[in-house]
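Below are the chains, spelled out letter by letter.
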Amino acid sequence: VVGPTMPVRNPVAQGPVNPPAHTVDGFVEAFLRELNFGQGVLLSRSTVNDQYLALARTVQQYLVAGWLETGARRRQGDRKIIGYLSAEYLLGRQLDNALMATTLGEIAEEAMTQCGLDLARLRAQEIEPGLGNGGLGRLAACFVDSLATLDVPCIGYGIRYEYGIFRQTFVDDRQAEVPDSWLSLGSPWEFPHPERQVRVAFGGRTETTTDEQGRERTTWIPAWDVLGIPYHYMVPGYRNGSVNTLRLWSAKATQAFDLQIFNSGDYAEAVRSQTFAENISKVLYPEDSTPQGKELRLQQQYFFVACSLHDFIENTLPRDFDLRRLPERIIFQLNDTHPVIGIPELMRILVDLKGFEWDEAWDITRECFAYTCHTLLPEALEVWPVELLGRLLPRHLEIIYRINDNFLDEVREAYPGDADRVRRMSIIAEGPQRAVRMAYLATIGGSRVNGVAELQSQLLREKVLPDFSELWPDKFTNITNGVTPRRFLHQANPLLSTLITEAIGPSWVTDLEQLRGLEPYADDAGFREQFQAVKQANKERLYRELRARDGLELPRHAMLDVMVKRLHEYKRQTLKLLHIVSLYDDLISGDVSPADMVSRTFVFGAKAAPGYYMAKEIIYLINSVGRTINEDKRIEGALSVAFPANYNVTLAEKVVPAADLSEQISLAGKEASGTGNMKFALNGALTIGTDDGANVEIRALVGDDNFFLFGLTEPEAEQLRADGYDPKAFYRSDEKLRRTLDLLGSGIFTGGDASASAPLVQNLLHDDPFMALADFRSYLDAQTRVDEAYRDSDAWTRSAILNVARTGFFSSDRSMRDYLDRVWLA
Ligand code: 6GP
């Protein structure tokens, strides 16, 4: 009770209350409190889910103090904040990460044992938040991890999808999709703040009036609106007490339902507008590297960007902040084009709402944004029909037109008389359907543009945005992607992590270049033996997991050859499939006896976008081929294929540490970077790969002797296409390719039905847009080199160790420092 004589407690000044004691007793006490008072159950009556939720909340208690403290520190200071705008965050499980960040792993383990519980079982209860598709979303998760570890102020902004990436199952070898209801058993990691709701408007029209000073003022009169409710998630740095925030927005109707209609008995109609509004954050679009020209998708984009900008300007900045100084306090990093509508939105805020003159607002806006492009596929560059954008966001379309007019004046001035260039560079693509090119808007409206690996950044300048890089050469830069060593080495591979730490000490976890110190150990026979033992243990851990999870039985000793990533034709899972079929052909034709073959286990993991026909055909054939091979007794287990359904971050953490061979086999010039390639190399897999994306940089670092290169280079592939690529010619001239494709098309893998493999086989023979047939021979030869290398297990292990030692560059901590140097604080 606060009485007149008692001092009034000021919780802000005093800081947060202490977390529970960092001891087993303290942990048990906090856990039981959470279970009893949070979950409302006794330990003796609790379910696994109760226990998991209480455990999560307990670990969170230890983090919250650091979070509140970090927040207070950030508010007092005036450091520039990174506003990472991303439609996707593929976070992976939170509990393991939180245990690692707080050094609570052993304490929690012992505390659970004292309660008669098994920590591993509780950890397995967590459904990972799959709020992303693949590389782009996982990169965002790695980046926010690194920023917290570097103690750089960052707010990650995104969408709290009620349903994340679909759960994949296989029915008769074909992919079927099940909704991912990741919230259904409770969501202990989030802090909802309904009182901080933001109203987001859509539709309607604009009105321009002239004020007393004769200035034109435009107002937007929207037709409908929704509320954005922020949910906060903690992003802990690695053992540094710094905890940043991820702020994900959930859509809520401004009015729950129409009471009058409800009373009249039309219940469906009464909730119609609610359903409509709340659909905005209902589900993640499951497309990867593909734009979705869907109205709901544009609604999602504007929704989260509008909420985020509003939140930053109205709630994060001090109340009387002078917006002319906005670029000193924020840089919004655009994770691909999905949040680019933020550029006209900030212009609208400054000009329409805050009374800025256009030119001043434009100078501010350009300093507040920077754009990362994650693709080279022309079809993956987002464009929005003018009609749609104008209908949904009429004021934004006007602003985009004005940005474009001013910009094209600049182009005309720089290149007098070059009308063709003006047409090429216009934000508005003319044609039967006029459309807004979002990558152009991002390039014009941002201070920097970056690609995600050296090769892609070069091709981005030369091929995707050549006119822009000519106009503004200094605007373009490269920042090679990275991955967090915490989750993907320290946490996912505890045995290797311990081995490394024993050799070179523990600080590599936050300074990955220190892995260089492992190089001499590659020549140490004792170390190699330990390294091999770790690899074998990781394989067995994976096989146990696949047995429990998917009922798969895999041989203990075989080369583990892994291809995990989204299913996309350009990534060429088909090429891998052709390799497998060719080996099978070697065996059943008697060319090679099972005993003479280097036994391999092939592991695939891949989701196809539900509407991507060819990708789904490829999944079907991988499963069909895999089943046939696994069941064929003649080959004596020389080959086996595993395609566990629903590859996700959680499974990746088991697969990556176990792999011997990493398949990075996209057609050169198509994979922007890849990040799986980095995770595998860091965990001591050797790569077989094309000269594409970050493979180029991996190879340069690990050395040609420790990397299996094959395939066309990007210029060669371009030349071949220009010369008129004819896959049939390769089929005719290479007997092994002919036999392989014929076998694949014969029906032996598809229950005697040759037509079932026809869509893929015919596509390869007649179109083959990603030149799998052209690279087949070179790929096979490289795989033969792999076999030879693998037979010398000592030399192989040496290479594997060198891969670990030389890939410290690919830490996302380094990527973040590069962004700070070249973009955010440049
Ligand atoms: C992906 C790229 O395909 C991949 O190569 C890269 O590693 C990753 O982004 C992170 O930079 N791109 C996408 O997922 C995407 O949707 C529009 O691009």
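Residues numbered from 1 in each chain as written. Predicted model: local features only at pLDDT ≥ 70, side-chain atom pairs only at ≥ 80, totals over all residues.

As recorded in an unreviewed UniProt entry, the protein chain goes by the name Alpha-1,4 glucan phosphorylase, listed as coming from Barrientosiimonas humi. Check the Sequence similarities (unreviewed entry) section of the UniProt entry for the protein chain; it says "Belongs to the glycogen phosphorylase family." Regarding the protein chain, the relevant UniProt record gives this comment under Cofactor (unreviewed entry): "pyridoxal 5'-phosphate". (UniProt positions renumbered as here; feature names shortened; annotations may be inferred.)

Engineer: Could you clarify how one ought to interpret the overall build of the protein chain in this entry?
Structural biologist: Helix and strand content of the protein chain: 35 helices and 25 strands. At 28 Å, the protein chain has a C-alpha radius of gyration in line with the 28 Å of a compact globule built from 826 residues. Taking the principal axes of its C-alpha atoms as reference, the protein chain extends roughly 90 × 75 × 65 Å. Out of the 826 residues in the protein chain, the part that is buried amounts to 50%. (Helix = DSSP H or I, 4+ residues; strand = E, 2+ residues; numbered from the N terminus. Rg over C-alpha atoms; globule rule 2.2 N^0.38 Å. Buried ≥ 20, exposed ≤ 12 C-beta atoms within 10 Å, placed from the backbone.)

Engineer: Would you mind showing me how to read the site of the ligand here?
Structural biologist: As a matter of local geometry, the ligand sits amid 18 residues, with G135, L136, H374, A672 and S673 nearest to it. Taken together, the residues that form the shell around the ligand break down as 5 nonpolar, 10 polar and 3 charged. (Near = placed C-beta within 6 Å. Nonpolar A, V, L, I, M, F, W, Y, C, P; charged D, E, K, R; others polar.)

Engineer: Explanation requested: the domain arrangement of the protein chain in the structure shown.
Structural biologist: Interface extent is often summarised as the accessible area lost during association of the parts. The domain architecture assigned to the protein chain consists of domain 1 (19-77 + 109-120), domain 2 (78-93 + 128-481 + 818-824) and domain 3 (556-792). Counting residues at the interface gives 38 residues for domain 2 and 29 residues for domain 3. Going through the elements one at a time, helix 7 (135-149), strand 5 (167-171), strand 6 (174-178) and helix 19 (454-464) are the ones with two or more residues in the side of domain 2 that touches domain 3. Looking at the side of domain 2 that touches domain 3 residue by residue, the class counts come to 12 nonpolar, 16 polar and 10 charged. (Domains from an automatic or database assignment. Contact = placed C-beta atoms within 7 Å.)

Engineer: Just checking my understanding: could you explain the environment of Q573 for this structure?
Structural biologist: Within the secondary structure, Q573 is located in helix 24 (residues 573-588). Judged by local crowding, Q573 falls into the buried class, with 24 C-beta atoms found within 10 Å. In sequence terms Q573 and I619 are 46 residues apart; their C-alpha atoms lie 8.9 Å from each other. In this structure, Q573 is in contact with M563, L567, F604, A606, I618 and I622, ignoring residues within four places of it in sequence.

Engineer: I would appreciate a short explanation of the sheet that holds strand 21 (residues 600-605) in the present structure.
Structural biologist: Reading across from one edge, 22-21-20-23-24-25 is the order of the 6 strands in this open sheet, with parallel pairing throughout. In this open sheet, the two edge strands, each paired with only one partner strand, are strand 22 (639-642) and strand 25 (707-709). Averaged over neighbouring strand pairs, the angle between their axes works out to 20° when direction is ignored. By the bridge criterion, 4 bridges tie strand 21 to strand 22 in an arrangement that is parallel. Looking at the pairing, V603 lines up with A642 of strand 22. Along the sheet face, helix 28 (residues 695-702) touches strand 23 (661-664), strand 24 (686-689) and strand 25 and points at about 130° away from the line of strand 25. (Pairing = 2+ DSSP bridges. Axes fitted to C-alpha atoms, helices over the stretch in contact; angles between N-to-C directions.)

Engineer: I keep staring at the UniProt feature "modified residue: N6-(pyridoxal phosphate)lysine" (unreviewed entry) in the protein chain and nothing clicks. Help me out?
Structural biologist: Following the UniProt record, the feature "modified residue: N6-(pyridoxal phosphate)lysine" (unreviewed entry) maps to K679 here. Tracing the backbone shows K679 in helix 27 (residues 676-682). What K679 contacts, discounting residues up to four positions off in sequence, is V483, F488 and V656.

Engineer: Looking at this model, I keep getting lost on the packing of helix 13 (residues 342-353) against helix 14 (residues 358-368). Mind explaining?
Structural biologist: The relative placement of two packed helices comes down to the angle between their axes together with the axis-to-axis distance. Between helix 13 and helix 14, the least distance of the axes is 9 Å, while the angle of their chain directions is 140°. Of the possible angle classes, the one that applies to helix 13 and helix 14 is oblique. Seen along the crossing, helix 13 lies across helix 14 with a hand that is right-handed. On helix 14, the residues that touch I343, L346, M347, L350 and V351 of helix 13 are W358, A361, W362, I364, T365 and C368. Residue classes in the contact of helix 13 with helix 14 are distributed as 10 nonpolar, 1 polar and no charged. (Parallel < 35°, antiparallel > 145°, perpendicular 65-115°, else oblique. Left-handed = near helix turned anticlockwise from the far one by under 90°.)

Engineer: I keep staring at helix 7 and nothing clicks. Help me out?
Structural biologist: It helps to recall that an α-helix has 3.6 residues per turn; residues three or four apart then point in one direction. Between the first and last C-alpha of helix 7 there are 21 Å, a value that for 15 residues agrees with the 21 Å anticipated at 1.5 Å per step. The buried fraction of helix 7 is high, at 15 of 15 residues. Phi turns positive one or two residues past the end of helix 7, at D151, with a value near 55°. (Expected span 1.5 Å × (residues − 1).)

Engineer: What should I look at first to understand the sheet that holds strand 16 (residues 428-429) in this one?
Structural biologist: Each strand in a sheet pairs with its neighbour through backbone hydrogen bonds, running either in the same direction (parallel) or in the opposite one (antiparallel). Read from one edge of the open sheet, 3 strands run 15-17-16, paired in antiparallel fashion. Looking at strand neighbours, the two that pair on one side only are strand 15 (383-385) and strand 16, the edges of this open sheet.

Engineer: Sorry, what's going on with the pairing of strand 13 (residues 330-335) here?
Structural biologist: Every regular strand shows the same layout, with side chains that alternate between the two sheet faces. Among the 6 residues in strand 13, 6 count as buried, and that is most of the element. Alternating positions in strand 13 separate into two faces, I330, F332 and L334 on one and I331, Q333 and N335 on the other, with burial throughout. Of the strand pairs in this sheet, strand 13 and strand 14 (residues 369-372) are connected by 4 bridges, and their pairing is parallel. Each bridged residue has a counterpart across the sheet, and for F332 the counterpart in strand 14 is F369.

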